[in-house]
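Remarks on the overall topology
The primary structure of each chain is shown beneath.
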Amino acid sequence: MGRKEVEHVVGSRYVNRIAVLVSLRALLAAGTIMCALGFAGAASASAASAPAFLHATRVGAAPAGQSLKLIFPLKVDGAGLKRFAAAVSTPGSPLYGQYLSVAALARRFGASASTRARAMSYLRASGATDVRVDATGLLAEATMSVGDAERAFAAPLAQFRSADRTPFVAPVTATSVPAPLRGVIEGVVGLDTAPQASPSLASAAAQRASRATARTAHPDDSTLPRTGTPGGCPTGIAAGGQYPGFTPNQYLTAYDFGPLYDAGYKGQGERVALIEIDGFNLSDVTTFAQCFGLPVPPISGFGAGLSQPLPPGEEATLDLEILDAAAPDLKAIDVYESNSGAEETLSAFAAPLENKGRKPQVISASLGLCEQDAYGASGLAGIEASERLLELAAASGVSILASAGDNGSADCESESNVPVDALAVNYPASSWWVTGVGGTNLSLTTGNTIAAQPVWNDQSLLAAGGGGGFSALFRRPGYQSAVVRATVNKRAVPDVSMLADLLPGYVIYCTAQPDCISQDSTDPWQTVGGTSAGTPLLAGGVAIVDEMLKANHQENLGLLNPLLYKIGASSAASSVFYDVTTGGNDIGPFIPGGNGQPLGCCTATPGFDEASGWGSVAIGGLADQALALVPKTIKFSLHLPGQRPLARHKLLADVSCSAACSIGAFADIKVGRSKPFNVESRLFHRKKKGRTAIPIRFSGKELRTIRSALDHHKTVVATVYGALIDQLGDIEQNTGGKRVRIT
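Since the model is a prediction, treat every value here as computed from it, not as a measurement.

**Topic: helix α4 (residues 102-109)**
Regarding α4, the residues found buried are Val-102, Ala-104, Leu-105, Ala-106 and Phe-109. Of the surrounding secondary structure, the elements contacted by the buried residues of α4 are α3 (78-89), α5 (113-125), α13 (342-354) and α14 (371-395).

**Details of the pattern of salt bridges**
Across all of its chains, the model carries 10 salt bridges by this definition. With a closest N to O distance of 2.8 Å, Asp-495 and Arg-491 form a salt bridge. Residues joined in a network through salt bridges with shared partners are Arg-132, Glu-141 and Glu-354.

**Quick word on the sheet that holds strand β28 (residues 650-657)**
Taken together, 3 strands build an open sheet; the order of strands is β27-β28-β32 and the sheet is antiparallel. Only two strands of the sheet have a single neighbouring strand rather than two, namely β27 (636-639) and β32 (690-697). Looking at each pair of strands side by side, their axes are set apart by 30 degrees on average, direction ignored. Alignment of β28 against β32, held across 8 bridges, turns out to be antiparallel. Each residue of the ladder has a partner; that of Ala-653, found in β32, is Ile-694.

**Concerning the state of the cysteines**
Following the criterion strictly, the structure yields 5 disulfides and no others. Paired by a disulfide, Cys-233 and Cys-291 hold their sulfur atoms 2.0 Å apart. Around the S-S axis, the bridge from Cys-233 to Cys-291 shows a dihedral of about -95 degrees and counts as left-handed. Taken together, the residues Cys-233 in the loop between α7 (204-213) and α8 (234-237) and Cys-291 in helix α11 (residues 282-291) connect sequence positions 58 residues apart. Through a disulfide, Cys-657 is tied to Cys-661; the S-S separation comes to 2.0 Å. What sets the handedness of the Cys-657 and Cys-661 disulfide is the S-S torsion sign, and at about 100 degrees it is right-handed. Accessibility assignment for this pair places Cys-657 and Cys-661 in one class, buried. Cysteine pairing for the chain, with bonded cysteines counted in sequence order: 1-2, 3-4, 5-6, 7-8, 9-10.

Definitions and cut-offs
Residues numbered from 1 in each chain as written. Predicted model: local features only at pLDDT ≥ 70, side-chain atom pairs only at ≥ 80, totals over all residues. Heavy atoms only, no water. Buried < 20%, exposed > 50% of the residue type's maximum accessible area, 1.4 Å probe, protein only. Helix = DSSP H or I, 4+ residues; strand = E, 2+ residues; numbered from the N terminus. Contact = heavy atoms within 4.5 Å. Salt bridge = Lys/Arg side-chain N within 4 Å of Asp/Glu carboxyl O. Pairing = 2+ DSSP bridges. Axes fitted to C-alpha atoms, helices over the stretch in contact; angles between N-to-C directions. Disulfide = S-S within 2.5 Å.

Below, the structure written as structure tokens:
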């Protein structure tokens, strides 16, 4: 997962991690913002003290003219957004499933008009260009020169070079919010341009290394030979050589996709977004699909802060091919590519929510940082901004899945990509609003059903395993109260787990150089592992469950976790989860340079545990439970009874709902060739399904206008609409219009 050394955290990225751990513990004790975000941390408008650069070389002053793309988290109603997101995501809540559009959420919970205006005015006056507030209403964005940023935010910047010779700019002292912006913005993200996020992918090179040492694997390692019955073209089946990997027919059967496929659900009408920090060759996906008899959904690439697509890489290729295998008839796959800096990845998560007409039902992110590094990379303001975006996604009915990492319970890595000998979990998988996907291995029957499933832990081969443990940033969410002790009071990760082990791994086709094709490997057919493979697999399953729900007039799954934990605590758990009870993800004894001792977490047990979550997911079983628990969508219609608008001083609209609802009606009145004026009814609340007669009353002035027009022989036509009103009092949906001529 390519992260940097043991010293990234508070403020700028290259701070001693020990200091950060101490800082986070102090914040836990203070607990000053837990009530707002569930953080075990304290809020601050500024970064920590000046960083101690241990593994980066300062090469001079940052060029004053260098452009920086910056994000400014705005002052918003975060507490209200969090409450609403929880309410619409929790089974049993009166608001469960009553999601709102991004635009409606931005109006209600986003920054006020005055806050937006003050932020934009100050930034422009400070020399910023391309200043805007994004469609979520949560973030202001701007481009500033280094010199302007230093003056505006009292942030001396320097140029550095990391141990791998990557150049970057970063603050060398604490930064602060200038007085005119206090109470307007929460901080600034993007002053540190070092690469941050890394994919949760056990690479081809790691795969080859693991094969070379497989014969000396420790008895407790989870590596297994391929079992079951593979299918596909001969070259695909043979990928991996002596250690061939699983083919799509195997893992799809193992995870119970069959019942939905048999019912005709393969993703039609659904859109999935992938967040990536590398690119892809469409021809690779096509070759993979042809081998396994799959269609390829329309794939569109979008750059988050990029002027051109990123070079093809192994991660995006893997995600696309596994997602294609899981949901081959998707309406669309949208790939959001960004560089890996804090500002870029934050933009990439925002992009699917503000891409007009392309809001996805599911977002899959096979990337992240250990929490200590994430906190250091973007500061508290960046974490808060990310959480707001994730809450908004949940409130709008989007499911977000993220990989839990590939270093077992020691998620942080050193500069040389070696796990750090300390407990840590991956962000954003550790967020309340994300389903964290851990890792297992599979032993299959000849019919490709699961015979055994240990936690992924290749400890002696590569010190790699499925991520999991307890958050240092977030309190225990309400949905985990039955499985995490009150005395612990921390978010536990992962929520579920899927196939991730390097051996046998997943078969993919990849020509990206040098990720897949290099001097020591020229065969594009290869096998890979990692929690980043299990994440798009489950995302595809969620998309086809959403498709089935839509066909049955039910809402999207949205945030999965409250539903998953409700099922896990019920008698239906065994029909949805393949419980993982063997193995663990503690790689402590095998961490190079470590003390050779276990880290103390985590071991698989019956039911929920921090090594595998609830276990892996049977998609067919999840679909059955979703049918029983997810609420129906509200259908409504309009009927116009007999009208005598001038005599009654009103129009009449009969609006019907299929369930309890809030409704109204409105009319556009067209007088001759004049611009129409609008007349609205008051709001009506129905406690159950049925029809309501709704009057749309004219004011005295409106009646006089209509009568005067008729006296002058002008045509007056009313177009009447029924309106479904959301929880914020906005029109969520309206019927088609019906015309009434007023005479």
